[in-house]
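# Residue-level structure breakdown
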Amino acid sequence: AKLDGRATYRFFEPEMDARMQARRRLELDMRQALARREFHLHYQPQLQLEGNRLVGCEALIRWQHPVRGTVSPLDFIPLAEEIGLIVPIGEWVMRQACRDAATWPAPLSVAVNVSPAQFKSERLVEMVMSALAASGLPATRLEVEITEGVLLHESEKTLQTLHRLRELGVRVSMDDFGTGYSSLSYLRSFPFDKIKIDRSFVSDLSGKRDGEAIIRAIAGLGKSLGMTTVAEGVETIDQMERIRAEGCTDVQGYLISRPIPAAEVLDFITAVR
Ligand code: C2E
Ligand code: CA
Ligand code: CA
Ligand code: CA
């Protein structure tokens, strides 16, 4: 906001109001979206570089709004988190992803994004157990992806929840690695199975040497800690070859495939085999 010395905030009120209203509208629509079956999942394949083997897919939510069309998760997940709606939406994602993955050939796994607010809910572990049981998917084929936000107020309870998931056989990945302030210290507090190197480091690869040094360092770290390292957002063959050379184990990105509708996953799996 511009300040010209006088109390000008009143001037901005109508604009603020419009934004609040748009937000309120989105919130109301989101509250109905589950019942109206407007959410669906897309899946993005993850490839193990050694042997070019498909290891699984990440579930990514899509909202088909009757008027707005497709709404990006970047535009509604943060609001859903803020108002707690992410708990029922996240539960729907978990149940649907497990159901879908149960139709894929073993040992292909599904990775589900779990947000900080879901970790605050008491029954996350029970919900995951129930989703696994209802779908028949073995826990070892489920992976949860968490970001630093989950560990930010690293409480005893959060770590306990992560350990309980782990004991079930569920794998835990650290998403967007390197983008937060204390990615490294989180590796010390919890034994992740997988590190997902943020897309920004991969796009830095285009020619710059320091881009490669960072990828190499994270890949080395993963290797010595016994963790899989996935490079996210791989778009070109050149990027994939550099990533391979630096020692990352897996890749995910438009080069392999864009996120695809659930109904197309089995065809994709058959095509790459
Ligand atoms: P994320 O977990 O980091 O997911 C990766 C995002 O990068 C996805 O965006 C994916 O479509 C995009 N992407 C993948 N490969 C490439 C590439 O090669 N190039 C580029 N430019 N982008 C690529 P999407 O689907 O829009 O999701 C955005 C974010 O929304 C996700 O980031 C995640 O934080 C959140 N999100 C999506 N689905 C869920 C969900 O079911 N639950 C929760 N809690 N969050 C979700
Ligand atoms: Ca993710
Ligand atoms: Ca990510
Ligand atoms: Ca991200």
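Everything that follows concerns the structure shown earlier in this document.
Anyway, here's the lowdown on the structure attached to this text. (Residues numbered from 1 in each chain as written. Chains lettered and ligands numbered in written order. Predicted model: local features only at pLDDT ≥ 70, side-chain atom pairs only at ≥ 80, totals over all residues. Heavy atoms only, no water.)

## Let's talk about the side chain of E58
The line we're drawing: Helix numbering and strand numbering both begin at the N terminus, where a helix is a DSSP run of H or I of at least 4 residues and a strand a DSSP run of E of at least 2. Whenever two N or O atoms come within 3.5 Å, that pair is a polar contact, provided that in protein one can donate a hydrogen and the other can accept it, and provided that, for residues adjacent in sequence, both atoms are side-chain atoms. In what follows, a contact means two residues having at least one pair of non-hydrogen atoms within 4.5 Å.
Mapped onto the elements, E58 comes out in strand β2 (residues 53–65). There is a polar contact of 2.9 Å between the side chain of E58 and the side chain of N113. Among residues more than four places away in sequence, those in contact with E58 are H42, Y43, Q44, Q46, A111, N113, E145, K196 and Q252.

## A short note on the layout of surface pockets
The test is simple: A pocket, in this scheme, is an open set of points on a 1 Å grid over the protein atoms alone with protein on both sides within 12 Å along at least 5 of 7 lines, while a cavity is a set where a 1.4 Å probe fits but cannot get out; residues line either one if an atom lies within 4 Å of a point. Grid points are joined across faces, edges and corners, and a volume is the space filled by probe spheres set on the points. In this classification, Asp, Glu, Lys and Arg are treated as charged, Ala, Val, Leu, Ile, Met, Phe, Trp, Tyr, Cys and Pro as nonpolar, and every other residue, Gly included, as polar.
The calculated volume of the largest pocket comes to roughly 1,100 Å³. Counting residues per element, the ones that place at least two in the lining of the largest pocket are β2, α2 (73–82), α3 (86–101), β4 (109–113), α4 (116–120), β5 (142–146), β6 (171–177) and α9 (199–203). For the second largest pocket, the calculated volume is near 240 Å³. Here the lining of the second largest pocket is built from residues that sort into 4 nonpolar, 6 polar and 6 charged.

## Observations regarding the environment of I146
Stated formally: Accessibility here uses a 1.4 Å probe with only protein chains present; expressed as a share of the type maximum, an area under 20% marks a residue as buried, one over 50% as exposed, and anything in between as partly exposed.
Among the structural elements, I146 can be located in strand β5. Taking the relative accessible area as the measure of exposure, I146 reaches 0% and is therefore buried. Residues I146 and I89 lie 57 residues apart in sequence; the distance between their C-alpha atoms is 16 Å.

## Thoughts on the coordination of the calcium ion (ligand 2)
How we decide: Any nitrogen, oxygen or sulfur atom within 2.8 Å of a metal ion counts as a donor, with the limit raised to 3.2 Å for Na, K and Ca, and since water is left out, coordination shells can look unfinished.
Binding of the calcium ion (ligand 2) to the protein goes through E58 (OE), N113 (OD1), E145 (OE) and D175 (OD), at separations of 2.1 to 2.4 Å. Along the chain, the residues donating to the calcium ion (ligand 2) fall in the pattern E-x54-N-x31-E-x29-D. Taken as a pair, the calcium ion (ligand 2) and the calcium ion (ligand 3) lie 4.0 Å from each other and share D175 as a ligand. A residue pair is termed long-range when its members are at least 10 positions apart, and N113 in strand β4 and D175 in strand β6 qualify at 62 residues.

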